[in-house]
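# Observations on the model geometry
Single-letter residue listing:
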Amino acid sequence: MKTRHHGKAERPPAGQESPNSSSSEDQQEKRVRTAKNSFWFALATTLAIAVALLALKERVEKTKYGMLFEQMSYDLLQYRLKPETNVPLLVVDISSIPMVSSNGLKPRLVTDRRQLQSVVDVLTEDSEKAPRAIGLDVDFSPDQYGYADPDDWRFLNFLLKKRKETNIPIFVGVNDSLALGPTNWLKEPIYMPLAACVVVPFPEPGQSTRSMPEWLQGEYHGDYLTVTTNRCYSMGAELASAKPDPRASEKTDSLACVKPDPHIFVNPDVPASEMPVDLAPASLERDVPASVKPVPSWLRFAIISSTMRNGQRLTESQFLVDFSALEILSNCRLQDPADSALEVKDKIVILGRTDQTNDTFTVPGRPEKPYPGVFLHASAAYTLLRGNPLYRLTDSSRRIMDLLFAVIIFGAVTAIRVFRTRKNVGDFNENSYTRVISFLFALAVVVGTPFLVRIFHVMWDDFILVSIALVAHPLIERKIDELDDRIRQRSPSSDQSRTKAKE
Amino acid sequence: MGMTLGGAPLDVRSQNPADARVMNIDSECQPKLTKKASGNKDQPPSPRIGLDLFGGDKIRCAGPGYLELLLPDGLMRITRSEIMWITPSQTTKITPSKTQFTIKDGFTVPAVPTNSAFSEITKDLAKYGVPGATRGPQPVSGILWPSDGSAVIAEHFVIRWVPVAQKITISIKSEQSDTTLWGPTEIDGNVGSLRPEGVRWDLARDKSQAGNHQSVLTLSLAYGGHSEEVHFSLVGGQQEQEINSSLNLWENHTTGLALHLGRGYSFLRHQLFDEAAAEYDTALNFAPNSRYLLEEAILANRLAGKRDRAKELQMHLESQSESIN
């Protein structure tokens, strides 16, 4: 820092104060003035270097290596998160259920619905041991060619019936069908209460999948300038909010087994008991599912718990996912749902394919293998259930923090200098102090951030880059000092030569 | 893969989306089909269960029975009209409130719209993410070879994948020793196959021999946000001796077609699909039209991730079947 030169030059050596009081006062006043000037100069230099380093850091963040550092930092923070001892979620592996060809107009492979139905049956048959909610991580989205399997209406009726009988919320996945219309996610409005979005967002470049959506809101433009908006909550949000609703039986009375479109029920093979009864049209009103705990308003300038992305007609709210329970969820997966050891009571059960599936994603903190989508939905539900979201720093708070660190180090060095000046303790090598304090501070950041993430849940993913900047700061300052020294050394000689020339 | 419905086999691999499908025909229906004018002068196929229909096709019952069509909205039953005053323009109108649809001149199949009702939402969704759920036609692995559970011989090792228009990263690890044998290496995803050089097979062999077990390796392939891996084994030690002795047996006692058939069988038995495919391909030079051989060659090539070759052989097999019929 610049103060070194001025401080050293102006301060008389200890025990050599002038006996002349007026001259001493003058010197004192001069010292104070110089000290003040040097303080502001040093502060300005520190801030200028900090701003330059900040700009450099922001450029580096966009490079391949910068992204690598950020991903490493985020991985480390995720790895440090500690799961709760009792995770109320269970992933049931349905990989053993075969994919069979559907008889739809658009031929495709679908998870065998009959076997899927028997799994749901087993899970819900004993009310004493029933789960809290069931999510099927199977994409039931119909398209313009109808259901993935033409008999899906029958399976969806079965689920509505189960919901009515057991009060257990059951959800199935939808994705592409958001484009079919505001109430057609499962083709018929009646099935809307079963729909949960199963989309997994693309990660940012160089990152793994950090976030999951809380909801997706479609904006549907109809005739005569009418606009309908409808929000599809994610599987994680729907499951996290699920608790047996005492009003469910009354509520589902108006929902269950409504015959959506009479002409589809002409198949004589359908037993009479399965034929849905005609009821009043479904109410599409739903309880608002669990949401990410918002940040107090006074703190919102610094941290956020969810972010919004706006497309042309689709808005998404997403949040950072706590993957700390991943190992517990993975270890709990069961191959056979009819297993007597299946403990699902009061648990949120997610049925999904964990093997031989293409919906696999790499997640932070566990880069060694990809995880199937079902674990991402389970982790999203776990994050929301925990009620303690992960926070990300806003861009402005990142910048403020970076500058604040520079000022703190500068303040600490200044405080030591003032202390030593007052005590008249020897010579003061400010650069050495700055280097040591910066290094200690960087060390504290590197060690402290992963430690504190368990308490504050703040995912500060550029803390390694900031630490590097903190260590680089005094080195740059020293280089500037040396440059300054050289200029100063050169200046008097040039002055002398100029004077000689005049003579 | 195929599934039957009313006795009609359906194979998802060979079909394009249709606009309607015949699901059931009553014995008294006497179905009549008129294909949409397309310049094709061939006789339209006679209506049968499982027949795909396309926009503009017209179908009706000439007899007193009924037939059922699968439409995007569900099933529709079509009966012969007894009401003679229905005009042709009215015949194509669907009345969803009715469970039966009576027509005189035939039911015209409506074409399914190409785009979803709200295509902007589809575009936004495609930009935002991918479905995190099971949906067919899955699972299809991007890694074609080695496949899960297969075996490889170090000297012949080759990696095949579905070409992608971006850089991909490939690495090979040994599961026992948790050592990286090769990579991670970034290569052009368009290439589709690679014979990696400098793989540290010795590390995998040392560990497997020390533990007297098969060396299981993991091949990882990653690009963008997508990554996948397969587990395969490296042939060595006792297994290598077994294969060699069975190959020797064939070589000592057979020649020509039988030799290659035998070698192919031995390789197939040990999950060495790549080598098996090569043997069956050679055997086909001796008997290019053998149905058994073609089927074996298709299987081996498919398992070895040689999709184009498998497809080529499949077409050859189908042409064989047609000529026999």
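Cut-offs used in this document
- Residues numbered from 1 in each chain as written.
- Chains lettered and ligands numbered in written order.
- Predicted model: local features only at pLDDT ≥ 70, side-chain atom pairs only at ≥ 80, totals over all residues.
- Helix = DSSP H or I, 4+ residues; strand = E, 2+ residues; numbered from the N terminus.
- Contact = placed C-beta atoms within 7 Å.
- Buried ≥ 20, exposed ≤ 12 C-beta atoms within 10 Å, placed from the backbone.
- Pairing = 2+ DSSP bridges.
- pLDDT = per-residue confidence, 0-100.
- Core = buried A, V, L, I, M, F, W, Y, C linked by C-beta atoms within 7 Å.
- Domains from an automatic or database assignment.
- Axes fitted to C-alpha atoms, helices over the stretch in contact; angles between N-to-C directions.
- Parallel < 35°, antiparallel > 145°, perpendicular 65-115°, else oblique.
- Left-handed = near helix turned anticlockwise from the far one by under 90°.
- Nonpolar A, V, L, I, M, F, W, Y, C, P; charged D, E, K, R; others polar.
- Expected span 1.5 Å × (residues − 1).

To continue, consider the overall build of chain A. Per the secondary structure count, chain A includes 12 helices and 16 strands. Taking contacts inside chain A between residues at least 6 apart in sequence as the whole, the part at least 24 apart equals 75%.

Moving on to the overall build of chain B. When helices and strands are counted, chain B shows 8 helices and 19 strands. Per-residue burial over chain B gives 33% buried out of 325 residues. The long-range share in chain B, meaning contacts at least 24 apart out of those at least 6 apart in sequence, stands at 55%.

This part is about the sheet that holds strand 14 (residues 159-161) of chain B. Here 3 strands make up an open sheet; going across it, the order is 12-14-17 (chain B) and the pairing antiparallel. Looking at the sheet topology across the chains shown, the edges are occupied by strand 12 (143-145) and strand 17 (193-194) of chain B.

All names here are of chain A. Mean pLDDT over chain A works out to 78, with 77% of the residues at or above the 70 mark. Note on residues 1-18: pLDDT under 50 across the span, and 36 contacts to partners over four residues away in sequence or across chains. Every residue in residues 245-284 scores below 50 in pLDDT, and together they form 66 contacts with partners more than four places removed in sequence or on other chains.

Right, let's get into the nonpolar core. Note that soluble globular proteins tend to have their nonpolar side chains buried in a common cluster. Ranked by size, the top nonpolar core spans 112 residues in total, and within it Val-174, Leu-194, Ala-195 and Ala-381 of chain A carry the most contacts. For this core, the element with the highest residue contribution is helix 9 (residues 373-386) of chain A, accounting for 9 residues. Here this core spans two domains, since at least three of its residues come from each of domain 1 (11-75 + 393-489) and domain 2 (84-389) of chain A. Excluding residues that lie within four positions of it along the chain, Val-174 of chain A makes contacts with Phe-140, Ser-141, Trp-185, Leu-186, Ala-195, Ala-196, Cys-197, Val-198 and Cys-232 of chain A. With 39 residues, the next largest nonpolar core counts Trp-161, Phe-267, Leu-272 and Leu-294 of chain B among its residues.

Turning next to the environment of Val-216 of chain B. Residue and element names in this part refer to chain B. Within the element layout of this structure, Val-216 appears in strand 18 (residues 215-223). Exposure remark for Val-216: the 17 C-beta atoms within 10 Å place this residue in the partly exposed category. Sequence separation between Val-216 and Val-235 is 19 residues; the distance between their C-alpha atoms is 9.5 Å.

Turning next to the confidence of the model for chain B. Residue and element names in this part refer to chain B. Across chain B, pLDDT averages 75, with 76% of residues at or above 70. When pLDDT is averaged over each helix and strand of chain B, the minimum, 32, is found for strand 1 (residues 3-5) and the maximum, 90, for helix 6 (residues 273-286). Residue range residues 82-98 is modelled with pLDDT below 50. Its contacts to residues more than four positions away, or to other chains, number 18 contacts. On the interface metric, ipTM, the complex scores 0.79, and its pTM is 0.68.

Across the sheet, which stays open at both edges, the 3 strands sit in the order 4-6-10 (chain B) with antiparallel pairing between neighbours. Unpaired on one side and paired on the other, strand 4 (31-34) and strand 10 (107-108) of chain B mark the two borders of the sheet.

Helix-helix packing: each pair is described by the crossing angle between the helix axes and the interaxial distance. Residue and element names in this part refer to chain B. Remark: helix 4 (residues 237-253) packs on helix 5 (residues 256-269), axes separated minimally by 9 Å, with the N-to-C direction vectors making an angle of 165°. By the angle between their directions, the pair helix 4 and helix 5 is classed as roughly antiparallel. Every pair of crossing elements has a handedness; the one defined by helix 4 and helix 5 is right-handed. Residues Ile-243, Ser-246, Leu-247, Trp-250 and Glu-251 of helix 4 form the contact with helix 5, whose participating residues are Leu-259, Gly-262, Arg-263 and Ser-266. Looking at the contact of helix 4 with helix 5 residue by residue, the class counts come to 4 nonpolar, 3 polar and 2 charged.

All names here are of chain A. As a packed pair, helix 3 (residues 64-80) and helix 11 (residues 430-456) sit with axes 9 Å apart at the nearest point and diverge in direction by 50°. Here helix 3 is positioned oblique relative to helix 11, judged by the angle of their axes. The hand of the helix 3/helix 11 crossing is right-handed. Counted together, Leu-76, Leu-77 and Arg-80 of helix 3 and Pro-450, Val-453 and Arg-454 of helix 11 form the full contact between these two elements. In the contact of helix 3 with helix 11, the residues fall into 4 nonpolar, no polar and 2 charged.

Our next topic: unusual backbone geometry. Of note, the amide linkage connecting Trp-145 of chain B to Pro-146 of chain B takes the cis form, showing an omega dihedral of -5°. Note that Pro-146 of chain B resides in the loop between strand 12 and strand 13 (151-152). Residue Asn-167 of chain A is not a glycine yet carries a positive backbone phi of 65°. Along the chain, Asn-167 of chain A falls in the loop between helix 5 (152-166) and strand 5 (170-174).

Attention now moves to the pairing of strand 7 (residues 66-71) of chain B. Residue and element names in this part refer to chain B. For strand 7, a buried count of 6 out of 6 residues is recorded, marking the element as mostly surrounded by other parts of the structure. Here strand 7 shows a buried face lined by Tyr-66, Glu-68 and Leu-70 and a second buried face lined by Leu-67, Leu-69 and Leu-71. Examined bridge by bridge, strand 3 (residues 20-25) and strand 7 share 4 bridges and lie antiparallel to one another. Across the sheet, the residue bridging to Ile-25 is Leu-67, located in strand 7. Of the strand pairs in this sheet, strand 7 and strand 8 (residues 74-80) are connected by 6 bridges, and their pairing is antiparallel. If you follow Leu-70 over to strand 8, its bridge partner there is Leu-75. Between strand 7 and strand 8, which pair antiparallel in sequence order, lie 2 residues.

Sheet faces and side chains relate simply in a regular strand, where the side chains alternate between the two faces. All names here are of chain A. As judged from the 7 bridges shared by strand 8 (residues 211-221) and strand 12 (residues 314-320), these two strands associate in the antiparallel manner. Paired with Ser-211 across the strands is Leu-320, a residue of strand 12. With 7 bridges joining them, strand 8 and strand 9 (residues 227-233) adopt antiparallel strand pairing. Counted as the bridge partner of Gln-217 is Arg-231 from strand 9. Turn length for the strand 8-strand 9 hairpin, with the two strands adjacent in sequence and antiparallel, is 5 residues, and the turn residue Tyr-224 shows positive phi of about 55°.

A few words now on the environment of Ser-150 of chain B. One can find Ser-150 of chain B in the loop between strand 12 and strand 13. Expressed as a C-alpha distance, the spacing of Ser-150 of chain B and Leu-268 of chain B, which sit 118 residues apart in the sequence, is 9.7 Å.

For the rest of this paragraph, the subject is helix 6 of chain B. Residues and elements named next belong to chain B. With 14 residues, helix 6 ought to run about 20 Å at 1.5 Å a step, and its terminal C-alpha atoms sit 20 Å apart, in line with that. Within helix 6 the residues assigned to the buried category are Phe-273, Asp-274, Glu-275, Ala-276, Ala-277, Ala-278, Glu-279, Tyr-280 and Ala-283. Packed against the buried residues of helix 6 are strand 12, helix 5 and helix 7 (291-303).

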